[in-house]
Every structure is written in C-alpha cells, then in structure tokens.
Amino acid sequence: MNTVVIYPGRFHPFHRGHKASYDELVKQFGEGNVYVVSSDLTAPLTSPFTFADKRQMMAKLGIPSDHIVQVKNPYQAHEITKSIPDPENTILIFAVSAKDMAGDSARFKFGTKKDGSPSYMQPMPANTKKLQPMTKHAYVMVTPTVNFQVQGADANSASEIRKRYVAGNDADKDQIIMDLYGETYPEIRDIFDRRLGQTEHTQQLVKEARGQLTQLNESARTKLNQLINSIKSKEAQANEIIQLDEFIVPDYIEEKWSEKY
C-alpha cells in the first residue's frame, strides 16, 4: 500500500517549528511521501506572505522544492489528491498541528454522515494496520507543537513571530531571521520587511482612521467602513474553516472513473 502525507498550513511565516514537524513526518513515512502545501491567499493583518515568499522560506530550511505544492485550499489539497494515480492502493494522511485541531476552529471534524456511516475523515488510529485506502477514508494525524528559541525565548506561533519582528529594531530583526532560518539571509529579511511593513501600515491606518471617525463627513466614513469591511473579508477568507461536508471524495472517485472508462 502506498502512502501520501499532506502537511497543510497557512505558514505566515514558515519557521523552524514547522520544519521540525516535517522532519518527524519524513522520519516516519519517508521524504518522497510527504508534501508541504499552502495557498497564495493573503490578508493584510494575519496572512501577509505570498506562496512564493513561503516557498523561499521552506527552501532555506531544506524542504525539497518538488514537495512544496501551491494549492487553493491547504486542508483539501485537491491538486494532489485528485492526481494520485492509484487511489485504491494509497493511504491518505493529513498531518496538522495540535492547535489546528483545537476547539470549534478545528480544521477537520469527525462524525457520521446523514446515512449513519462514518465520516470520510477519521482520526489516525494507533494501530496503523487498520488504515484503509483513500477510496474509503483519509486520516488526520496531529503533530505536536514544537517550541524553539527566538531571541533567547521560547516561540511556537507564527503570530508571535510577526509581532516580535514588527516591534524589533534592525539588530532584533536580523536575530529573528537567524533564529528562524539558521542564517541572516538578506532575501528573507527583505520579504519580512516588505510584507510585515505593509501589515504595520494597515494596522496604523485603521487605528488612526477610527480615531478620527467622528470628525469625518459621511462620504469619508463610508469609504473608511468599506476599507475596514474589505480587510475583515480578506481576514475571514484567510482563516476559513473547512467543514466536513466539503470533502466529497465519492464524487472524486466517480469523476476519475468516468474519465478513465
């Protein structure tokens, strides 16, 4: 039985903690079976990096370029799953962090379908001999959150890294890049400066505008509200929660068969 492991994420930015999870997946399943996937979806406050930016970060940390895949939705990765040549003999695993499976915002949910049968997505069983091919189920494996040192202190989230970078001086920023990627790569520093500079500018713009809201005329208030709503819309898209009923795998199998026969 073949195995395909998809490691999805927003990765704003991709960092050493993500690389540690990737390394564990490679150790367990083999480098040729593990794919890191992310989208090109951006939002000014929480998702500032493009896919090309993230690809550069991943490459600096040693992720093979042919196993870094741009997808529309990382938690579906149809660009990979619909191209698997032998689904009846392939086990499909999504590996996600513990925080991506926490509470109401969990990226994957398990349960039963309307007909009472088990949901397509299933938790990774302790006994891997029970794994079934992707024509029956796909599995969700939870990877542990990995702490690592940034500026001499523990860090385990991308949002914390962005916050520290924006607040830092030049020396701080060089140290953060060093801690995240092993060297002070000028090209990575440039990406962080440009993308997080735009984030900081957006935050300041909205803050200043809101402070002057009562002094604005109706036309200016309308434009400000449109700006804020546009930002909210992009943030909501970037943080989209994928619901169970979006995984229509039987349709995918029928599609593949109709093409073949």
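Structural data are supplied above this passage.
Residues numbered from 1 in each chain as written. Predicted model: local features only at pLDDT ≥ 70, side-chain atom pairs only at ≥ 80, totals over all residues. Heavy atoms only, no water.

## Notes on the packing of aromatic side chains
This model, assessed by the stated rule, comprises 7 aromatic pairs. Geometrically, the ring pair formed by Phe49 and Phe192 is tilted, given 5.2 Å between the ring centres and 50° between the ring planes. Note that Phe49 is positioned in the loop between strand E2 (34-38) and helix H2 (51-60) and Phe192 in helix H6 (residues 186-211), a separation of 143 residues in sequence. Across the pair, exposure class does not vary: Phe49 and Phe192 are buried alike. (Phe/Tyr/Trp six-rings, centres within 6.5 Å; stacked < 30°, edge-to-face > 60°. Helix = DSSP H or I, 4+ residues; strand = E, 2+ residues; numbered from the N terminus. Buried < 20%, exposed > 50% of the residue type's maximum accessible area, 1.4 Å probe, protein only.)

## Quick word on the pairing of strand E6 (residues 138-143)
Buried residues dominate E6, accounting for 5 of its 6 residues. As paired elements, strand E5 (residues 121-123) and E6 share 3 bridges and run parallel to each other. Paired with Gln122 across the strands is Tyr139, a residue of E6. (Pairing = 2+ DSSP bridges.)

## As for the nonpolar core
Among the nonpolar cores identified, the biggest contains 36 residues, and Tyr181 and Phe192 are the most heavily contacted of them. In this structure Tyr181 touches Pro13, Phe14, Met57, Lys60, Leu61, Ile188 and Phe192, once residues within four positions along its chain are discounted. Ala77, Val96, Met101 and Met121 belong to the second-largest nonpolar core, a separate cluster that totals 19 residues. (Core = buried A, V, L, I, M, F, W, Y, C linked by side-chain atoms within 4.5 Å. Contact = heavy atoms within 4.5 Å.)

## So, the sheet that holds E5
Strands sit in the order E3-E2-E1-E4-E6-E5 across an open sheet of 6 strands; the sheet is parallel. A strand with exactly one partner marks an edge of an open sheet, and here the two such strands are strand E3 (68-70) and E5. Between one strand axis and the next, the sheet turns through 35° on average, direction left out of account. As paired strands, strand E1 (residues 2-8) and strand E4 (residues 90-97) are joined by 5 bridges and run parallel to one another. Looking at E4, one finds that Val4 is bridged to Leu92. Strands E1, E2, E4 and E6 of the sheet are contacted by helix H1 (residues 16-29), whose axis makes an angle of about 175° with E1. (Axes fitted to C-alpha atoms, helices over the stretch in contact; angles between N-to-C directions.)

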